[in-house]
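Fold and contact review
These are the residues of each chain, in order.
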Amino acid sequence: MTVTVQPTGITPADVRAVARGGAKVVLDPATVGAMATSRSIVDGIEAAGRPVYGVSTGFGALANTFVAPERRAELQHALIRSHAAGVGAPMPREVVRAMMLLRVRSLALGRSGVRPLVAEALVDLLNHEVTPWVPEHGSLGASGDLAPLAHCALVLLGEGWVLGPDGGRVPAAEALRRAGLTPIELAAKEGLALINGTDGMLGMLLLAIDDAAHLFTMADVTAALAIEAMLGSERPFRPELHAIRPHPGQGVSAANIHRLLQHSAVMDSHRDDLAHAVQDAYSMRCAPQVAGAARDTLDFVRTTAARELVSVVDNPVVLPDGRVESTGNFHGAPLGFAADFLAIAAAEVGAIAERRVDRLLDVTRSRDLPAFLSPDAGVNSGLMIAQYTAAGIVAENRRLAAPASVDSLPTSGMQEDHVSMGWAATKKLRTVLDNLASLLAVELLAAVRGLQLRAPLVPSPAGRAAIAALGGAVGEPGPDVFLAPLMEAARAVLAGPDLRSAIEQEIGSLG
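Structure report, in brief. (Residues numbered from 1 in each chain as written. Predicted model: local features only at pLDDT ≥ 70, side-chain atom pairs only at ≥ 80, totals over all residues. Heavy atoms only, no water.)

Let's talk about the overall build of the protein chain
What counts, and what does not: Each helix corresponds to a stretch of at least 4 residues labelled H or I by DSSP, and each strand to a stretch of at least 2 residues labelled E; elements are numbered beginning at the N terminus. Only protein chains enter the accessibility calculation, which uses a 1.4 Å probe; a residue is then buried when its area is under 20% of its type maximum, exposed when over 50%, and partly exposed in between. Only heavy atoms enter the contact rule, under which two residues are in contact if any of them lie within 4.5 Å. The Shrake-Rupley method, run with a 1.4 Å probe sphere, supplies the accessible areas, and residue values consider only the shown protein chains as cover.
Assigned secondary structure in the protein chain consists of 20 helices and eight strands. Its C-alpha atoms put the protein chain at 90 × 50 × 40 Å along the principal axes. The buried share of the protein chain, reckoned over its 511 residues, is 55%. Sequence-distant contacts in the protein chain: of pairs separated by 6 or more residues, those separated by 24 or more amount to 79%. Just so you have it, the protein chain exposes about 20100 Å², and 57% of that area is on carbon and sulfur atoms.

Encoded structure:
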């Protein structure tokens, strides 16, 4: 696949394709013209000798310091070197590739005043799979992701580090030489244009949106399987009960769960049983209300990211009428708020899943399933400690759900006196979603074991697909085994596309 960067920008699918699929990148010829036009305006300012921020002045608290024409190229190189000040472990390759593509997109909009060769140099890094080594700490999400983007830009100069095949650090000069690429020299404004913007935050948010969409659907699947295994009722998920509370996400989740519970001999076994519970616990009955609210939160986040994807977030910006104006569009508040909101929602999807796991394992509440889903509890502990693991992850997600975006700290001699912390918000969101995958995997494993223990009753198509997908890794209920590999297998099934695909082949597309 090849992604073409248009003068109007790119799509979320383009970002995923380059970040995760290794797609190649090309610049539409119209973007080259737009960049050349904005560059001519910057050249005119240089010739006129006017003081303009980032072109003929210093940066941040040094904005009123005039820089002589003969030192302006030096200024841009010094900016990149000094701002590449991150520390910590390297960011994942997919995050850095998304960030680089988004910076290409920003430059290609023709409001940054850079020569086309600057954007082309970033494209060359992407297409030759030269990925800068970007430390995890350094961005406050104001003036954008300055430090992370500076680590990317430094590689264009033949300096800094690149991610090696094993994740280690390789000198940039060596990596460029191996790829047949040549370092570039920056002109006025270009260093600033390479590091001002929300590209790191937006890249992480777009990847998180993709992950959350899959996990929220799989949360409906694992909820339905757990409810089926616990002999729960399908009545609370009927459409007429959700039409009277018309939150869109709730209706989608309820419809999913209701459909997943059909054609099940396990459900049929107690459908008309008058001794059956009058109503199920909240963790069962309210599954659509929680997962649905998370879906609606995701829709809000998706809208925010889509707006940012067509935004000009550089500073200063070069306007078509020749003006160069300072803006605050680099401030990451919209993305920080959205990431914090989605982290809260995802944490609760995981928390309610853990409650269903606990119920499945508790002999007093699981409706005749053996304690801890072990046929020989006592000598054997079954899935007892899997629930401990889930509880620990829930606790961590609750800590991570505390918003980063309210934690501003002033910097740059009080010039940048309110920052968004959007980088921290989007980074921890990715951790919350990774944890959610593990939580749902525990529920999947427990539900599958519960359905196996309902034999000879035949479960729903979803239940049969889940048992088949876990296959030999789970085995049949019996004596205790080394549990970690089973949990890893369940996570791989949960995170991948195959289980959902198998279920949809039987019952149609899930929302």
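Text resumes after the structure shown.
Concerning the environment of Arg365
Relative to the assigned elements, Arg365 resides in the loop between α15 (333-361) and α16 (384-400). Assessed through its relative accessible area of 27%, Arg365 is described here as partly exposed. Setting aside residues no more than four positions away along its own chain, Arg365 makes contact with Asp358 and Arg359.

Some thoughts on the packing of aromatic side chains
Stated formally: Pairing of aromatic rings covers Phe, Tyr and Trp, the last through its six-membered ring, and needs centres within 6.5 Å; plane angles under 30 degrees mean stacked, over 60 mean edge-to-face, and all others mean tilted. We call a charge positioned above a ring when the Lys NZ or Arg CZ atom is no farther than 6 Å from the ring centre and deviates by at most 35 degrees from the ring normal.
Under the counting rule described, the total for this entry stands at two aromatic pairs. Between the aromatic rings of Trp133 and Trp161, the centroid separation amounts to 5.3 Å while the plane-to-plane angle is 90 degrees, which identifies the pairing as edge-to-face. Pair noted here: Trp133 is in the loop between α5 (116-127) and β4 (135-137) and Trp161 is in strand β5 (residues 161-163), with a separation of 28 residues, a long-range link. Taking the centre distance of 5.9 Å and the plane angle of 55 degrees together, the rings of Phe300 and Phe341 count as tilted. Of this pair, Phe300 sits in helix α14 (residues 287-309) while Phe341 is found in helix α15, placing the two residues 41 residues apart along the sequence. By relative accessible area, which is 40% here, Phe341 ends up partly exposed. Across from the ring centre of Trp133, 4.8 Å away, lies the NZ or CZ of Arg169, which sits over that ring. Here Arg169 stacks its cationic end above the ring of Trp161, 3.6 Å away from the centre of that ring.

Describing α16
Under the convention used in this document: In this scheme, a helix's expected span is set at 1.5 Å multiplied by one less than its residue total. In this description, one arc is meant: the one made by directions from the helix axis to the C-beta atoms.
In this model α16 runs 25 Å from its N-terminal to its C-terminal C-alpha over 17 residues, within 8% of the 24 Å that 1.5 Å per residue would give. For α16, the set of buried residues is Ala386, Gln387, Ala390, Ile393, Val394, Asn397 and Leu400. One face of α16 carries all of its buried residues, which in axial projection span an arc of 130 degrees. Facing away from the buried side of α16 by more than 90 degrees, the exposed set consists of Tyr388, Arg398 and Arg399. In this fold, the buried residues of α16 make contact with α15, α17 (422-453) and α19 (483-495).

As for the pattern of salt bridges
This is how the line gets drawn: For salt bridges, the criterion is a side-chain nitrogen of Lys or Arg within 4 Å of an Asp or Glu carboxyl oxygen.
Within the structure shown, the criterion is met by 29 salt bridges. A salt bridge links Arg20 to Asp210; the shortest N-O distance between them is 3.3 Å. Of this pair, Arg20 sits in helix α1 (residues 12-21) while Asp210 sits in helix α9 (residues 199-229); the two residues are 190 residues apart in sequence, bridging distant segments of the chain. The partly exposed category is assigned to Arg20, whose relative accessible area is 33%. For Asp358, the salt bridge goes to Arg355, with nearest N and O atoms at 3.3 Å. You can see Asp358 and its partner Arg355 sitting in helix α15, three residues apart, about one turn around the helix. Each of Arg16, Arg20, Glu94, Asp210, Asp211 and Arg430 takes part in salt bridges that share partners, so that together they form one network.

Let's talk about the environment of Gly167
Mapping Gly167 onto the fold places it in the loop between β5 and β6 (169-171). In sequence terms Gly167 and Ser501 are 334 residues apart; their C-alpha atoms lie 33 Å from each other. Here Gly167 is in contact with Pro90 and Trp133, once residues within four sequence places are set aside.

Quick word on α17
When the terminal C-alpha atoms of α17 are compared, their 46 Å separation across 32 residues agrees well with the 46 Å that a helix rising 1.5 Å per residue should span. With respect to burial, α17 is a largely interior element, 26 of its 32 residues being buried.

Digging into the side chain of Glu308
Put simply, the rule is: We score Asp and Glu as negative and Lys and Arg as positive, and we do not count His or the chain ends. As used in this structure description, the phrase polar contact means that two N or O atoms lie within 3.5 Å; if the pair is within protein, one of them must be able to donate a hydrogen and the other to accept it, and residues adjacent in sequence are counted only when both atoms belong to side chains.
By secondary structure assignment, the location of Glu308 is in helix α14. The side chain of Glu308 is buried and forms no salt bridge, while Arg105, the nearest opposite charge, is found at 6.6 Å. In terms of polar contacts, Glu308 uses its side chain to reach the side chain of Thr198, at 2.7 Å. Among all residues touching Glu308, those that are not within four sequence positions of it are Arg105, Thr198, Leu202, Val313 and Leu335.

So, the pairing of strand β1 (residues 2-5)
The cut-off we apply is this: We call two strands paired when DSSP finds no fewer than two bridges between them. Handedness of a crossover: with both strands directed away from the viewer, a clockwise path from the first strand across the helix to the second marks it as right-handed.
Residues Val3 and Val5 point to one face of β1 and are all buried, whereas Thr2 and Thr4, pointing to the other face, are not buried. When β1 meets strand β2 (residues 24-27), the two strands line up parallel, connected through four bridges. The partner of Thr4 across the bridge, within β2, is Val26. Between β1 and its parallel partner β2, the chain crosses via α1, and the hand of that crossover is right-handed.

Description of the environment of Arg398
Relative to the helices and strands, Arg398 is located in helix α16. Considered as a pair, Arg398 and Ser408 are ten residues apart in the sequence and their alpha carbons are 20 Å apart.

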